[in-house]
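Inside the fold
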Amino acid sequence: GESVGLHLPTLSVQEGDNSIINCAYSNSASDYFIWYKQESGKGPQFIIDIRSNMDKRQGQRVTVLLNKTVKHLSLQIAATQPGDSAVYFCADLEANAGGTSYGKLTFGQGTILTVHP
Amino acid sequence: DTGVSQNPRHKITKRGQNVTFRCDPISEHNRLYWYRQTLGQGPEFLTYFQNEAQLEKSRLLSDRFSAERPKGSFSTLEIQRTEQGDSAMYLCASSLGQTFYNEQFFGPGTRLTVL
């Protein structure tokens, strides 16, 4: 993930709109990418993941796009709801030399999503 | 509720005191992670256990920090001689490590404030 500053990017949308949250990563060796949602006072919650051999993956109301050429990841949320308001983090995972991983996550900069009713 | 619990949820201490946090992972999970999260930042990896073995420690984990997982179940993270810079949220996560990636389930965290 990228180094982060004290001021998180923010995204403010109206209920029902689609949201796109972006993330840049720096490690070319990253093999696995995950989006997490973190609500106030809670730990990060898994949303969706994608392997490096894919460029798109869809879940329920969410889509993750991966562009390895520019090391960019995006999370699209369809029909955003007030309950989607949270901080969203991307995280990446690097395989060990043997092609395995013990799961050390590197988190990127979070984005604060605010959904207005 | 992910099934990972952490205690206490909040801890306020004076500089120089020692503190200990506990994490109870999901029972069948063999992997346990500790992360630290400061305000406005994403979580940063501190250390990782596979069963009772501590297999990696971040350089963020100074010699004032120690983590244990004595029976391969719950884990404790101790900070000795706390400093104001230790103020953060300490997150624990667990996973069932059988394949390349198994989802990490995070606990609610312990928020430490060092006065």
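In this text the structure is predicted, and so the values were computed from the model without any measurement.

Cut-off values and rules
Every chain begins its residue count from 1, and numbering advances along the sequence as written. Starting at A for chains and at 1 for ligands, labels are handed out in the order in which the entities are written. Only residues with pLDDT of at least 70 get local features here, since the model is predicted, and only at 80 or more are side-chain atom pairs given and counted; chain-wide, interface and lining totals rely on the full set of residues. Side-chain descriptors were evaluated using all non-hydrogen atoms of the structure, hydrogens and water having been removed beforehand. Any pair of residues with heavy atoms lying within 4.5 Å of one another is described as a contacting pair. Summed over both partners, the accessible area (1.4 Å probe) lost when two parts come together is defined as the buried area. Here, a salt bridge means any Lys or Arg side-chain nitrogen found within 4 Å of an Asp or Glu carboxyl oxygen. Whenever two N or O atoms come within 3.5 Å, that pair is a polar contact, provided that in protein one can donate a hydrogen and the other can accept it, and provided that, for residues adjacent in sequence, both atoms are side-chain atoms. Elements are defined by DSSP. Helices are runs of H or I of four residues or more, strands are runs of E of two residues or more, and each kind is numbered from the N terminus. Remark: exposure states derive from per-residue accessible area (1.4 Å probe, protein chains only) relative to the maximum for the residue type, with buried under 20%, exposed over 50%, and partly exposed in between. Pairing between strands requires that DSSP locate at least two bridges from one strand to the other. Each axis is a line fitted through C-alpha atoms, taken for helices only over the stretch in contact, and angles between the N-to-C directions span 0 to 180 degrees. Classification of ring pairs uses Phe, Tyr and Trp, with its six-membered ring standing for Trp, and accepts pairs whose centres are within 6.5 Å; under 30 degrees between planes counts as stacked, over 60 as edge-to-face, and the remaining range as tilted. The rule for a charge over a ring is simple: NZ of Lys or CZ of Arg within 6 Å of the ring centre, and within 35 degrees of the ring normal. In plain words, nonpolar cores are sets of buried Ala, Val, Leu, Ile, Met, Phe, Trp, Tyr and Cys residues tied together by side-chain atoms within 4.5 Å. Scored between 0 and 100, pLDDT is the confidence that the predictor attaches to each residue.

**Re the interface of chain B and chain A**
With 22 residues of chain B in contact, the opposing surface of chain A contributes 28 residues. With both chains or domains summed, chain B and chain A bury close to 2,000 Å², and 59% of this area falls on carbon and sulfur atoms. Taking the shortest distance from any N to any O, the salt bridge between A:K104 and B:E56 comes out at 3.5 Å. Where chain B touches chain A, the interface holds 4 residue pairs in polar contact (both at pLDDT 80 or more).

**Observations concerning the pattern of salt bridges**
Pairing is possible between side chains that carry opposite charge, provided their charged atoms lie close to one another. The full count for this structure, using the stated rule, is 7 salt bridges over all chains. Between A:R61 and A:D84 there is a salt bridge, with the nearest N and O atoms lying 2.9 Å from each other. Linking A:R61 in the loop between β5 (56–58) and β6 (62–67) with A:D84 in the loop between β7 (72–77) and β8 (86–94), this pair joins segments that are 23 residues apart in sequence. You can call A:D84 buried: its relative accessible area is 7%. In this structure, a network of salt bridges that share partners links the residues B:R64, B:E83 and B:D86.

**Focus: the environment of B:S95**
Residue and element names in this part refer to chain B. Within the element layout of this structure, S95 appears in strand β9 (residues 88–95). Overall, S95 belongs to the buried group, its relative accessible area being 1%. Here the alpha-carbon distance between S95 and H29, two residues 66 residues apart in the chain, equals 5.2 Å. With near-sequence residues (within four places) excluded, S95 lies in contact with H29, N30, R31, Y33, N102, E103 and Q104.

**Comments concerning the sheet that holds strand β3 (residues 19–24) of chain B**
Strand pairing in a sheet is mediated by backbone hydrogen bonds. Such pairs are either parallel or antiparallel. All names here are of chain B. Strand order in the open sheet formed by 4 strands is β1-β3-β8-β7, and the pairing between neighbours is antiparallel. Edge positions in the open sheet fall to β1 (5–7) and β7 (65–68), since each of these has one partner strand only. On average, each strand axis in the sheet is inclined to that of its neighbour by 15°, with strand direction left out of account. With 5 bridges joining them, β3 and strand β8 (residues 75–79) adopt antiparallel strand pairing.

**Concerning the pairing of β7(A)**
All names here are of chain A. By the bridge criterion, 6 bridges tie strand β2 (residues 19–24) to β7 in an arrangement that is antiparallel. Each bridged residue has a counterpart across the sheet, and for N22 the counterpart in β7 is S74. Judged from the 6 bridges that link them, β6 and β7 form a sheet pairing that is antiparallel. Of the residues in β7, the one forming a bridge with N67 is H72. Connecting β6 to the next strand, β7, in antiparallel fashion are 4 residues, including K71 with a positive phi near 55°.

**Some remarks on the sheet that holds β5(A)**
Residues and elements named next belong to chain A. Ordered by their spatial adjacency, 4 strands build an open sheet running β2-β7-β6-β5, and the pairing between neighbours is antiparallel. Edge positions in the sheet fall to β2 and β5, since each has one partner strand and no second. Within this sheet the neighbouring strands show an average axis-to-axis angle of 15°, counted without direction.

**Notes on the packing of aromatic side chains**
Enumeration over the complete set of coordinates arrives at 12 aromatic pairs over all chains. Through pairs of rings, three or more aromatic residues link up here, namely A:Y36, A:F46, A:F89, A:F107, B:Y33, B:Y35, B:F45, B:Y48 and B:F106. Above the face of the B:F74 ring, B:R22 is positioned so that its terminal group lies 3.9 Å from the ring centre.

**Thoughts on the nonpolar core**
Core analysis: the biggest nonpolar cluster contains 20 residues, and A:Y36, A:L105, A:F107, B:Y35, B:Y101 and B:F106 have the highest contact counts within it. Elements with a contribution of two residues or more to this core: β3 (30–38), β8 and β9 (105–107) of chain A together with β4 (31–37), β5 (44–50) and β9 of chain B. In terms of residue count, β8(A) provides more of this core than any other element does, 4 residues in total.

**Remarks on the confidence of the model for chain A**
For chain A, mean pLDDT is 87; residues scoring 70 or higher make up 88% of the total. Per-residue pLDDT stays below 50 along residues 1–6 of chain A; that stretch engages in 21 contacts with residues further than four places along the chain or on separate chains.

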